[in-house]
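# Geometric and topological summary
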Amino acid sequence: MTTVFTVLGAWLTLSVVFSLGFARFVMSADASGHAPRAVGAASSQRAARPTHFRGSRMTVARPSVFLALLTVMPLIVARPASAATPMEALRGEIDRVIKTVDDPELKKEGRAGERRAAVRKIAGEIFDVNETAKRSLGRHWQARTPAEREEFARLFAGLLERAYLSKIELYQGEKITYAGQTVDGDQAVVRTRIITKQGAEIPVDYRMFKRDARWQVYDVLIEGVSLIGNYRTQFNKVIQSSSYEELVKKIKAKQEGSGT
Amino acid sequence: MNDAMMARTRSISAPSSIALVMMCVAIALAASGCASLLPRGGRPTSAPPGNGSSSVLTDMTREKADVDEHDPWQRFNETMFEFNRRLDTYALRPVAKGWKAVVPERVELMLSNAFDNLTVVPRVLNNALQAKWDGAGRELGRFVINSTAGVGGLFDPATAYLNVAKSPADFGQTLGTWGAGPGPYLVLPFMDPLTVRDGAGRFVDFAMDPLSYVLPLVPVRFSLMAGSRVNERALSDDLLQDLEDSVLDPYSAVRNGYLQRRERMIHDQEEPR
């Protein structure tokens, strides 16, 4: 129920913002500083954003109405979601994934595609792949045009999907325990463990950040290995030894190679 | 199947002695250049002042999540990496697949448990050397429980019924907790990725293990290692399947993964269980 409200609210807010011609503002904010920063930087950013809004709003015909809409809407709609801690948010989604994967109906012959689509949908709700792509490209992200960024994020999402979505289907009732969380403003780390059939505990940590009152995952650390860190090393190496274009070509080749 | 196993065993044991010699060379290198083992100044992992409270959080501009990838022997390492990769593709994986076809997964798991149970001594000692008394006690307890109630370690009642979890520890990690840096990254044939510190640690772990003195080295100990290797490869085959589809540069991906994982094993132990 709360997710429905949040999605609805986000959609409404977005449509209002876009119809007012704020699209460009939103895009530039997204590219330059929507990302979670270190704590010190984050607070100064939060302070800076409203000034931006005020400046843009001057051009709107009836600012008061939209001002009311913009400020009240997130308050009404997003409150239920923001009340959840990052761990609760994550756990809810992981439980949904497990339920889907374990669903005996979806395990039946010929429904694998459907099952994967269902998992993909849930993953899309909790994961912010854009953020992952941006951070994985690191300093090279700055040099990219908006179109290149969009293309890169899409290709990268495909790459991750092949790496991890197919692995979820190997799930055989392994236990997941939630070890704790560290919340610092709009950033958080949630620590979980997967207990394998051999009884080994594999620590899996999720780095999350709050965007529009929703906690989203942008990095996963398996046994301390950060997904972003690992891809950043690879991307750096390919770009340094050849070029960004070569990197894109390589990712595309992977996509075609696996036939998806 | 048995012939294939034997062939594999032979092929791994002979060159492994060469690997051992190389390990000694690496240790000599480490001893002569101990400075490289100590934490070096100006590591990119050190946070700027004023941000100490947010050590768990990262900032993309500082790329704090990145480990220091000190790899002065990259050309040699890349050659060895490629060699190991081919070895996996053309020898280890086919053998493991054959193994998997014959042996039920349940039995594979039992063997995996038993192999693990055998190498208890270095784990207990290293837990103790790192002052992880709880971990040392758990490993000792597990050994006693699993060797008896678990029928020589084939089963793991310690985890299943008594909730006594594993506490893996090795000497490379011990050196790390004592303050040694990883030293240069190192890839050797027939072995997992290493750093000079972890390679030296591997050697010490081997020396710590009474089995090394009781069992004849080449025929039995290495056969055990090879058997364990094949068994583990068979167990993880599903997980490793298609993984290359998502990796763009395997060498740097493995190097980064190994270094990050070791870094965590050494520095992130204080977190609540």
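As shown above, the structure is provided for reference.
Residues numbered from 1 in each chain as written. Chains lettered and ligands numbered in written order. Predicted model: local features only at pLDDT ≥ 70, side-chain atom pairs only at ≥ 80, totals over all residues. Heavy atoms only, no water.

### Brief notes about the nonpolar core
Within the largest apolar cluster, 19 residues are counted, with the highest numbers of intra-cluster contacts made by Leu137, Phe152, Phe156, Phe235, Leu247 and Ile251 of chain A. The element contributing the most residues to this core is helix H8 (residues 146-168) of chain A, with six residues. When residues no more than four places from it in sequence are discounted, the contact partners of Phe235 of chain A are Ser136, Leu137, Phe152, Phe156, Leu247 and Ile251 of chain A together with Leu248 of chain B. The next biggest cluster of nonpolar side chains, apart from the first, holds 14 residues, and it includes Ile94, Ile98, Trp215 and Val220 of chain A. (Core = buried A, V, L, I, M, F, W, Y, C linked by side-chain atoms within 4.5 Å. Buried < 20%, exposed > 50% of the residue type's maximum accessible area, 1.4 Å probe, protein only. Helix = DSSP H or I, 4+ residues; strand = E, 2+ residues; numbered from the N terminus. Contact = heavy atoms within 4.5 Å.)

### Remarks on empty space enclosed by the protein
Rolling a probe over the atoms, with the probe sized like a water molecule, indicates the empty space that remains. All names here are of chain B. Enumeration according to the criterion identifies three cavities of 30 Å³ or more in this entry. Space inside the largest cavity adds up to approximately 100 Å³. Considering the residues around the largest cavity, the lining is formed by 13 residues, among which Asn113, Asp116, Asn117, Arg142 and Asn146 are closest to the centre. Ranked by residues supplied to the lining of the largest cavity, first place goes to helix H5 (residues 133-148) with four residues. (1 Å grid on protein atoms, 1.4 Å probe; cavity = no way out; pocket = protein on both sides within 12 Å on 5 of 7 lines; lining within 4 Å. Points joined across faces, edges and corners; volume = space filled by probe spheres on them.)

### What to know about the side chain of Ser252 of chain B
Within the secondary structure, Ser252 of chain B is located in helix H12 (residues 250-267). We classify Ser252 of chain B as buried; its relative accessible area is 0%. Ignoring sequence-local partners within four residues, the contact set of Ser252 of chain B consists of Thr233, Gln234 and Lys237 of chain A.

### Some thoughts on unusual backbone geometry
One non-glycine residue, Asp212 of chain A, lies in the positive phi region at around 50°. Summarising the element assignment, Asp212 of chain A is placed in the loop between strand S3 (201-211) and strand S4 (214-222). One non-glycine residue, Asn163 of chain B, lies in the positive phi region at around 60°.

### Thoughts on a nonpolar patch on the surface
A cluster of nonpolar residues, Leu170 of chain A together with Leu239, Leu240 and Leu243 of chain B, forms a patch on the protein surface that exposes about 310 Å² of accessible area. Mapped onto the secondary structure, Leu170 of chain A falls in the loop between H8 and strand S1 (175-184). (Patch = residues over 30% accessible without salt bridge, like charges linked within 9 Å, V, L, I, M, F, W, Y side chains within 5 Å. Areas by Shrake-Rupley, 256 points an atom, 1.4 Å probe, with all protein chains shown as cover. Salt bridge = Lys/Arg side-chain N within 4 Å of Asp/Glu carboxyl O.)

### As for the environment of Glu223 of chain A
Residue and element names in this part refer to chain A. Here Glu223 shows up in the loop between S4 and strand S5 (225-226). Residue classification places Glu223 among the partly exposed positions, given a relative accessible area of 31%. With 21 residues separating them in the primary sequence, Glu223 and Ile202 have C-alpha atoms 6.1 Å apart.

### A few points about the sheet that holds S4 of chain A
Residues and elements named next belong to chain A. Pairing within the open sheet is antiparallel, and its five strands lie in the order S1-S2-S3-S4-S5. Among the strands making up the open sheet, the edge pair consists of S1 and S5. By the bridge criterion, eight bridges tie S3 to S4 in an arrangement that is antiparallel. The partner of Met208 across the bridge, within S4, is Val217. (Pairing = 2+ DSSP bridges.)

### Notes on the pairing of S1 of chain A
Here is the key point about a regular strand: its side chains alternate between the two faces of the sheet. All names here are of chain A. Bridge analysis of S1 against strand S2 (residues 187-195) gives nine bridges, and the strand direction is antiparallel. Note on S2: the bridge partner recorded for Thr177 is Arg193. What sits between the antiparallel neighbours S1 and S2 is a turn of two residues, in which Gly185 has the positive phi angle 65°.

### Observations concerning helix H7 (residues 129-137) of chain A
All names here are of chain A. Counting buried positions along H7 yields seven of nine residues, so the element is predominantly enclosed. Among all positions in H7, only Glu131, Thr132, Ala133, Lys134, Arg135, Ser136 and Leu137 are buried. Backbone nitrogen of Asn130 and a side-chain oxygen of the N-cap are separated by 3.2 Å at the start of H7; the cap is Asp128. Following H7 by one or two positions, Gly138 has its phi on the positive side, about 60°. (Polar contact = N/O pair within 3.5 Å; in protein donor to acceptor, adjacent residues only side chain to side chain.)

### Notes on H5 of chain B
With 16 residues, H5 of chain B should reach 22 Å at 1.5 Å per residue; the first-to-last C-alpha distance of 23 Å fits that figure. Summarising the contacts, the buried residues of H5 of chain B are in contact with helix H3 (105-118), helix H4 (120-129) and helix H6 (157-160) of chain B. (Expected span 1.5 Å × (residues − 1).)

### Some thoughts on the pattern of salt bridges
Residue and element names in this part refer to chain B. Scanning the entire structure with this criterion turns up 37 salt bridges over all chains. As a salt-bridge pair, Asp238 and Lys100 come within 3.4 Å of each other at their nearest N and O atoms. Remark: Lys100 occurs in helix H2 (residues 74-102) and Asp238 occurs in helix H11 (residues 237-240); sequence separation between them is 138 residues. Asp238 gets classed as partly exposed once you look at its relative accessible area, which sits at 39%.

### Some remarks on the packing of aromatic side chains
All names here are of chain B. Counting across every chain of the model gives 12 aromatic pairs over all chains. Aromatic pair Phe81 and Tyr251: ring centres 5.5 Å apart, planes at 80°, arrangement edge-to-face. Pair noted here: Phe81 is in helix H2 and Tyr251 is in helix H12, with a separation of 170 residues, a long-range link. A relative accessible area of 13% places Phe81 in the buried class. Residue Tyr251 is classed as buried on the basis of its relative accessible area of 4%. Aromatic side chains Phe83 and Phe190 sit 5.7 Å apart centroid to centroid with 80° between the ring planes, which places their arrangement in the edge-to-face category. One end of the pair, Phe83, is in helix H2; the other, Phe190, is in the loop between strand S1 (185-186) and strand S2 (194-195), with 107 residues separating them in the sequence. (Phe/Tyr/Trp six-rings, centres within 6.5 Å; stacked < 30°, edge-to-face > 60°.)

### Focus on the packing of H2 of chain B against H12 of chain B
Residue and element names in this part refer to chain B. Between H2 and H12, whose axes approach to 10 Å, the crossing angle comes to 100°. In terms of axis orientation, H2 runs roughly perpendicular to H12. Between H2 and H12, the contacting residues are Gln74, Asn77, Glu78, Phe81 and Arg85 on the first element and Pro250, Tyr251, Val254 and Arg255 on the second. Counted by class, the contact of H2 with H12 contains four nonpolar, two polar and three charged residues. (Axes fitted to C-alpha atoms, helices over the stretch in contact; angles between N-to-C directions. Parallel < 35°, antiparallel > 145°, perpendicular 65-115°, else oblique. Nonpolar A, V, L, I, M, F, W, Y, C, P; charged D, E, K, R; others polar.)

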